[in-house]
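This is what each chain is made of:
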Amino acid sequence: MTLVTTLRSDARGALDPRAIRRDFPIFERNPGLVFLDSGASAQKPAAVIDGVADYYRSDYANVHRGVYRLSARSTELYEGAREKVRRFLNAADASEIVFVRNATEGINLVAQSWGATFLEPGDEVLITVMEHHANIVPWQLLRDRVGLKLVVAPIDATGGLDMAAFEKLLSPRTKLVAVTQLSNVTGAILPVESIVRLAHARGAKVLLDGCQAAPRLPVDVQALDCDFYVFSGHKTYGPTGIGVLYGKKAVLDTMPPWQGGGDMILEVTFEKTTFQEPPHRFEAGTPDISGAIGLGIALDYLASLGRDAVFEHEAALTGYGVDRLSTMPGVHLLGAGQQRLAILSVHVDGIHPHDLATVLDQHKVAIRAGHHCAQPFMDRLGLAATARASLGVYNDESDVDAFVDALKAAQRMFNVAP
Amino acid sequence: MDLRDLYQDIILDHGQHPRNFRKQAEPSHFANGHNPLCGDRVTVYVTLDGERIKDVSFEGRGCAISQASASLMTEILKDKTLGEASTLFKGFHAKVTGAAAAATPEALADDMERLEPLTGVKAYPARVKCATLAWHAFEAALKSGAVGATIKTE
């Protein structure tokens, strides 16, 4: 069951982080940077940065419009990026990939199009206490519009999802289960295969928030059998401003547009408009063309490293981090249940996370301090904030060591060294 | 910049052992300050006697900077007039943001001096709000009176 432990022994050397760091210009421009905040946003490889610039230099024109060759080329690149995302998620068809601004917009799209169409007063949306605000607030807004009920599944004593409670909370009124695949606060990996099976058995659809999982775990939406899957480009080593909503074709086909404009129509008269098929039905206006192309390059980059190797590398490094942090006096690592990946959240006796982050910054260790956009979860944990280190493909044991050393320095500075 | 300029002993001391850390049962004014960025919360209680601050105290949780700032503020504002308090806040705000400040009146020079250790935050833009949270809550308390108010730093 413990993925992290079983992989630890044989996964060393799955990636070469030193070589990988040379692919990311940020490390050359910021010597000594210990970047442990990929959970908030990942750094960009030169291939993405240069690829976007190159696209603007060589191939730029608007998409889906021009008869001229440049526009056709631009369209090919944009639709090519969609195909790359399809491959990344192993979706059955590229038409199941909708480009959005970010994962947040993907969830809002589902809430406002699918949710507002198919949910009725008294219907239930089941989430977990671990959710990011992006997977809470869109459902609250919808609740206030249609009168549905938002049900929240708890965690167990170890920090994992309480599956027994989750199963009990699934009811005949549950129409949607919307859960994270990997907690951005604790790094808990949720048993999404079981969640999808249980939800489908009761006729509920499932949305998975893959923001933290997509950059780290091989994802196969057909094997998962989820109805919706969202992830953001910028956490997946791509540009900001681009995200992805995957939806099963049979589900997307039933959904009305959520925004109107150019590019999403077949024919417009002042009396009536007919709409494009998915995915274009959901992409009103000129899209983030360069963002999509940059994301495609980022996904190529991850594929070149090997998705399994990326996972094994981060799992091994997570195990190393757990070992080092869990033996530090005065330092408390947030529990993540049976399986944890890439996220190490701590609180330190006598030091507020914000003070910790400032001291760590002085040691060039970049971490996130705060509530991680999961205030209800923090309230449940009884914490105002934590200090969170999150891993990426460029991190190695020296980064974890630097984190540990900086924590010790902070303990000395605040006179709380055990 | 040396981190000890930010975390001077006086800051660590007030941060770990805040003074006037207590609720008032019947304050004439109070307000909650909230920094959504980091989740810091502070409630400032004020009891006025005419134009004079008879008692000022606070409760809350937050980083060393926000707790120390609230603690020092309560020590300094006790027995001041509202006019003096306003002058001190303006002077303090200018110091921590690095803005141009009006000259401090002679009578308040010692108090301004006591706030000096907090001015290290101006080198850490993300932390300025930690230092000013309690002061903003104090100001909001005076405006809202005994009904209370909640202000946010963002």
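Residues numbered from 1 in each chain as written. Chains lettered and ligands numbered in written order. Predicted model: local features only at pLDDT ≥ 70, side-chain atom pairs only at ≥ 80, totals over all residues.

Each helix and strand in chain B was counted, giving 6 helices and 4 strands. A compact globule built from 154 residues should have a C-alpha radius of gyration of about 15 Å, and chain B, at 14 Å, falls within 12% of that. Referenced to the eigenvectors of the C-alpha coordinate spread, the extents of chain B come out at roughly 45 × 35 × 25 Å. Counting only residues that meet the buried cut, chain B has 41% of its 154 residues in that class. (Helix = DSSP H or I, 4+ residues; strand = E, 2+ residues; numbered from the N terminus. Rg over C-alpha atoms; globule rule 2.2 N^0.38 Å. Buried ≥ 20, exposed ≤ 12 C-beta atoms within 10 Å, placed from the backbone.)

Between chain A and chain B, the contact holds 15 residues from the first and 14 residues from the second. Put simply, the parts of the chain that give the side of chain A that touches chain B at least two residues each are helix H14 (353–362) and strand S14 (368–370) of chain A. In terms of residue count, H14 of chain A provides more of the side of chain A that touches chain B than any other element does, 5 residues in total. Its residues placed into classes, the side of chain A that touches chain B shows 7 nonpolar, 7 polar and 1 charged. (Contact = placed C-beta atoms within 7 Å. Nonpolar A, V, L, I, M, F, W, Y, C, P; charged D, E, K, R; others polar.)

All names here are of chain A. With mixed pairing, 7 strands are arranged side by side in an open sheet as S2-S8-S7-S6-S5-S3-S4. The open sheet has two edge strands, strand S2 (97–100) and strand S4 (149–153), and neither has a second partner. Here the average twist between neighbouring strands, direction ignored, is 20 degrees. Across 5 bridges, the pairing between strand S5 (residues 174–180) and strand S6 (residues 205–209) is parallel. Note that in S6 the partner of Val 177 across the bridge is Val 206. Helix H9 (residues 192–201) contacts S5 and S6 of the sheet and is inclined by roughly 160 degrees relative to S6. (Pairing = 2+ DSSP bridges. Axes fitted to C-alpha atoms, helices over the stretch in contact; angles between N-to-C directions.)

Residue and element names in this part refer to chain A. At their nearest, the axes of helix H13 (residues 307–326) and helix H16 (residues 397–413) sit 10 Å apart, and the two run at 25 degrees to each other. Comparing their axes, H16 and H13 come out roughly parallel. Crossing geometry of H13 relative to H16 is assigned as right-handed. Contacts between H13 and H16 pair Leu 317, Tyr 320, Gly 321, Arg 324 and Leu 325 from the former with Glu 397, Val 400 and Val 404 from the latter. Taken together, the residues that form the contact of H13 with H16 break down as 5 nonpolar, 1 polar and 2 charged. (Parallel < 35°, antiparallel > 145°, perpendicular 65-115°, else oblique. Left-handed = near helix turned anticlockwise from the far one by under 90°.)

Residues and elements named next belong to chain B. Two elements, strand S1 (residues 29–35) and strand S2 (residues 40–49), share 7 bridges in a ladder whose sense is antiparallel. Within S2, the position partnered with Asn 35 by the bridge is Asp 40. The pairing of S2 with strand S3 (residues 52–61) spans 9 bridges and is antiparallel. Looking at the pairing, Leu 48 lines up with Ile 53 of S3.

To continue, consider helix H12 (residues 289–305) of chain A. Side chains of residues three or four places apart in an α-helix project in the same direction, reflecting 3.6 residues per turn. All names here are of chain A. If you check H12, its first and last C-alpha atoms are 25 Å apart, about what 17 residues at 1.5 Å a residue would give, namely 24 Å. Counting buried residues along H12, 13 of its 17 residues qualify, which places the element largely inside the surrounding structure. Two residues or fewer past H12, Gly 306 is found with a positive phi of approximately 100 degrees. (Expected span 1.5 Å × (residues − 1).)

For the rest of this paragraph, the subject is the domain arrangement of chain A. All names here are of chain A. Examined at the domain level, chain A breaks down into domain 1 (3–31 + 306–412) and domain 2 (49–303). Look at where the C-alpha atoms of domain 1 and domain 2 centre, and you get two points 27 Å apart. Contacts between the two partners involve 25 residues from domain 1 and, on the opposite side, 26 residues from domain 2. The set of elements that each furnish at least two residues to the side of domain 1 that touches domain 2 consists of H13, strand S12 (343–348) and helix H15 (375–381). Counting residues per element, the side of domain 1 that touches domain 2 draws most heavily on H13, at 6 residues. Taken together, the residues that form the side of domain 1 that touches domain 2 break down as 13 nonpolar, 7 polar and 5 charged. (Domains from an automatic or database assignment.)

Time to look at the nonpolar core. Val 177, Val 206, Val 244, Leu 245, Tyr 246, Leu 356 and Ala 410 of chain A are the most contacted members of the largest nonpolar core, which totals 127 residues. Counting residues per element, this core draws most heavily on H12 of chain A, at 9 residues. A domain-level breakdown of this core finds at least three residues from each of domain 1 (3–31 + 306–412) and domain 2 (49–303) of chain A. Residues within four places of Tyr 246 of chain A in sequence aside, it is in contact with Leu 89, Ala 91, Glu 96, Ile 97, Val 221, Phe 228 and Tyr 229 of chain A. Leu 6, Tyr 45, Ile 76 and Ala 131 of chain B belong to the second largest nonpolar core, which has 35 residues in total. (Core = buried A, V, L, I, M, F, W, Y, C linked by C-beta atoms within 7 Å.)

Turning our eyes to something else, we now look at helix H2 (residues 9–16) of chain B. All of the buried residues along H2 of chain B are Ile 11, His 14 and Gly 15 of chain B. Looking straight down H2 of chain B, one finds that the buried residues subtend no more than 105 degrees of arc, so they occupy a single side. (Arc of directions from axis to C-beta.)

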